[in-house]
Amino acid sequence: MKIQVPKGTQDILPGEVEKWHYVEAMMRKVASQYGFQEIRTPLFEHTELFQRGIGMTTDVVEKEMYTFEDKGKRSLTLRPEGTAGAARAFIEHSYAARPQPTKFYYIGPIFRYERPQAGRYRQHHQFGVEVFGSPLPIADAEVIILALDLFSRLGLTELTVKLNNIGCPTCRQSYRQVLIDYLTPRADNLCADCRNRLTRNPLRVLDCKQDGCGAIVANAPSITDHLCQDCRDHFSRVLDYLRAAAVRYEVDPKIVRGLDYYTRTVFEIVYSGLGAQSTVCGGGRYDNLIETVGGPATPGVGFGMGIERLLLTLEKNGCYLPGERGPDLYIAAIGDAALEQAFAAMYGLRQAGVHVVTDLMGRSLKAQLKYADKIGARYVAVLGEAELAAGQVQLKQMQGGEDWVIAWSDLADWLTEKLGLEANKEEVR
Ligand code: ATP
Ligand code: MG
């Protein structure tokens with residue numbers, strides 16, 4: 001039997017992984033410029049953390065978690081999102097006792113049992129940021145702007161920020177009843193999932209993608225009309241900050257987000273050309289999460305960004321993404337003595353920063369040159385018996401075809417200068 005990757009997962013191979021390095025490096029750079037520090041939490045946590053943090057009646061907890069019992073009979077779950085683990089770490093390491101805010105970011109795999117399709121996988125990756133400790137609207141605006149800044153540095157500008165305010169537990173409670181009163185007489189026309197949600201988690205009906213439910217939801221009372229004054233003020237300040245930063249946004253009262261921990265601001269950043277899986281980034285404020293999972297009352301706001309969806313979006317937009325890169329130098333050594341000398345010299349060349357490889361396959365000179373071309377080497381050095389005796393090396397530029405003969409002892413300096421010049425040229429691009 002041929003063993004393949006599990007459904008909904010994928011290998012990231014050379015040629016593709018360079019794109020990941022590139023976007024991840026940009027994420028780290030932007031996050032650190034905004035004052036965020038990286039946190040790495042385990043890929044699995046106690047199941048209870050997600051049940052309490054995300055909420056028992058959410059799709060993620062009800063249907064999408066990879067939960068298993070380990071040999072010690074503990075119930076563990078592969079993380080289905082990054083915020084709950086970050087919140088647990090915040091509590092566990094007493095971050096509340098330090099000067100606030102606490103600004104964490106993370107990059108890594110996320111696991112959800114979903115129906116795989118383009119842009120939707122069972123293992124995907126997220127870049128996420130969390131600001132713990134600030135209840136102020138400026139923190140909401142900062143995380144939204146961070147995400148947009150990252151997109152724009154990657155060359156993406158055709159994105160829309162959709163925001164909503166889903167209120168605090170107090171005002172949401174009264175809206176909840178209004179919504180139930182509206183939906184109950186129409187329940188027969190809702191999908192089976194939504195009929196179930198109606199009593200358990202009616203706000204989730206607003207988020208349903210089924211056409212029948214969408215039609216009912218279109219005329220549903222809006223949460224915007226049921227917010228308390230504090231929630232209203234908070235939202236209008238968030239919008240002020242976004243306007244001040246010239247951010248294009250759209251207020252969309254139908255955005256409620258899939259996780260229970262959100263309060264007040266929720267947002268999604270969508271790219272119109274990505275089909276059904278158009279949400280590249282989703283986030284919001286979660287003022288009760290830390291308390292819900294056992295910590296001191298601490299507000300928070302953050303987002304999670306799907307890296308696979310981001311890469312799809314960058315590709316669709318023709319944005320720059322790096323590809324595979326061959327070595328700077330291939331040393332074609334002919335004969336044992338030359339190969340030994342080349343082998344010893346490569347150590348020094350690599351220390352000097354040169355990306356260099358030689359023959360590990362016992363190929364003929366002709367086959368080595370063909371191979372060097374195939375892997376995209378920029379220069380080839382030929383070192384045979386005659387060159388060895390003369391203390392020289394023949395150098396050939398693969399693209400452009402120039403040739404040189406230089407002293408073997410000058411090779412490292414010659415190359416670093418050459419490559420340095422080319423590297424400078426590349427920077428102008
Ligand atoms: P969706 O509505 O598309 O299911 P979500 O609301 O479940 O998204 P979040 O929990 O907000 O997603 O996760 C943040 C981001 O992670 C999403 O905006 C998306 O870019 C990405 N994402 C979520 N689930 C998946 C998945 N199964 N495969 C790939 N990316 C995903
Ligand atoms: Mg989902």
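Look up: the structure comes first, before these words.
These figures come from a predicted structure and were not determined experimentally.

## Section: unusual backbone geometry
Logical step 1: With an omega of 5°, the peptide bond between Gln-100 and Pro-101 qualifies as cis.
Logical step 2: Within the secondary structure, Pro-101 sits in the loop between α4 (83-92) and β5 (102-111).
Logical step 3: Even without a glycine there, the phi angle at Lys-73 is positive, about 65°.
Logical step 4: Mapping Lys-73 onto the fold places it in the loop between β3 (66-69) and β4 (75-78).
Logical step 5: Positive phi is not limited to glycine here, since Ala-246 has a value of about 60°.
Logical step 6: For Ala-246, the location among the structural elements is in the loop between α9 (229-244) and β8 (249-251).
Logical step 7: Judged by its relative accessible area of 67%, Ala-246 is exposed.

## Description of the sheet that holds strand β15 (residues 392-397)
Logical step 1: Pairing within the open sheet is mixed, and its five strands lie in the order β13-β12-β14-β15-β16. With partners counted over all chains shown, the strands left at the sheet margins are β13 (356-358) and β16 (403-407), one partner each. Strand after strand, the sheet turns through a mean of 25° between neighbouring axes, direction not considered.
Logical step 2: Looking at chain direction, strand β14 (residues 379-383) and β15 are connected through four bridges and run antiparallel. Bridge pairing in β15 places Val-380 opposite Lys-396.
Logical step 3: Of the strands in this sheet, β12 (329-333) and β14 are in contact with helix α13 (residues 365-374), which crosses β12 at around 175°.

## A look at the site of ligand 1
Logical step 1: Around ligand 1 lies a shell of 15 residues, among which Arg-112, Glu-114, Arg-120, Tyr-121 and Arg-257 are the nearest.
Logical step 2: Note that an oxygen atom of ligand 1 is positioned 2.9 Å from one of the side-chain N or O atoms of Arg-120.
Logical step 3: The separation between an oxygen atom of ligand 1 and a polar side-chain atom of Gln-126 is 3.1 Å.
Logical step 4: For ligand 1, whose accessible area on its own is 580 Å², the fraction buried by protein is 89%.
Logical step 5: Elements represented by at least two residues in the shell around ligand 1 include exactly β6 (123-132), β10 (279-285) and β11 (300-306).
Logical step 6: The greatest single-element share of the shell around ligand 1, amounting to four residues, is contributed by β10.
Logical step 7: Among the residues making up the shell around ligand 1, the classes are represented as three nonpolar, seven polar and five charged.

## What to know about the pattern of salt bridges
Between side chains of opposite charge, a pair can form as their charged atoms come close.
Logical step 1: Under the counting rule described, the total for this entry stands at 26 salt bridges.
Logical step 2: The residue Arg-88 makes a salt bridge to Glu-45 at a minimum N-O spacing of 2.7 Å. Here Glu-45 lies in strand β2 (residues 44-46) and Arg-88 lies in helix α4, a separation of 43 residues in the sequence. Exposure class is identical for Arg-88 and Glu-45. Each is buried.
Logical step 3: Asp-149 serves as the salt-bridge partner of Arg-153, at 2.9 Å between the closest nitrogen and oxygen.

## Some words on the environment of Arg-176
Logical step 1: With respect to the helices and strands, the residue Arg-176 is situated in helix α6 (residues 169-183).
Logical step 2: Residues Arg-176 and Ile-39, spaced 137 residues apart in sequence, show a C-alpha to C-alpha distance of 36 Å.
Logical step 3: Those residues in contact with Arg-176 that sit more than four places away from it in its chain are Thr-199, Arg-200, Asn-201 and Pro-202.

Calculation rules
- Residues numbered from 1 in each chain as written.
- Chains lettered and ligands numbered in written order.
- Predicted model: local features only at pLDDT ≥ 70, side-chain atom pairs only at ≥ 80, totals over all residues.
- Heavy atoms only, no water.
- Helix = DSSP H or I, 4+ residues; strand = E, 2+ residues; numbered from the N terminus.
- Buried < 20%, exposed > 50% of the residue type's maximum accessible area, 1.4 Å probe, protein only.
- Pairing = 2+ DSSP bridges.
- Axes fitted to C-alpha atoms, helices over the stretch in contact; angles between N-to-C directions.
- Contact = heavy atoms within 4.5 Å.
- Near = heavy atom within 4 Å.
- Polar contact = N/O pair within 3.5 Å; in protein donor to acceptor, adjacent residues only side chain to side chain.
- Areas by Shrake-Rupley, 256 points an atom, 1.4 Å probe, with all protein chains shown as cover.
- Nonpolar A, V, L, I, M, F, W, Y, C, P; charged D, E, K, R; others polar.
- Salt bridge = Lys/Arg side-chain N within 4 Å of Asp/Glu carboxyl O.

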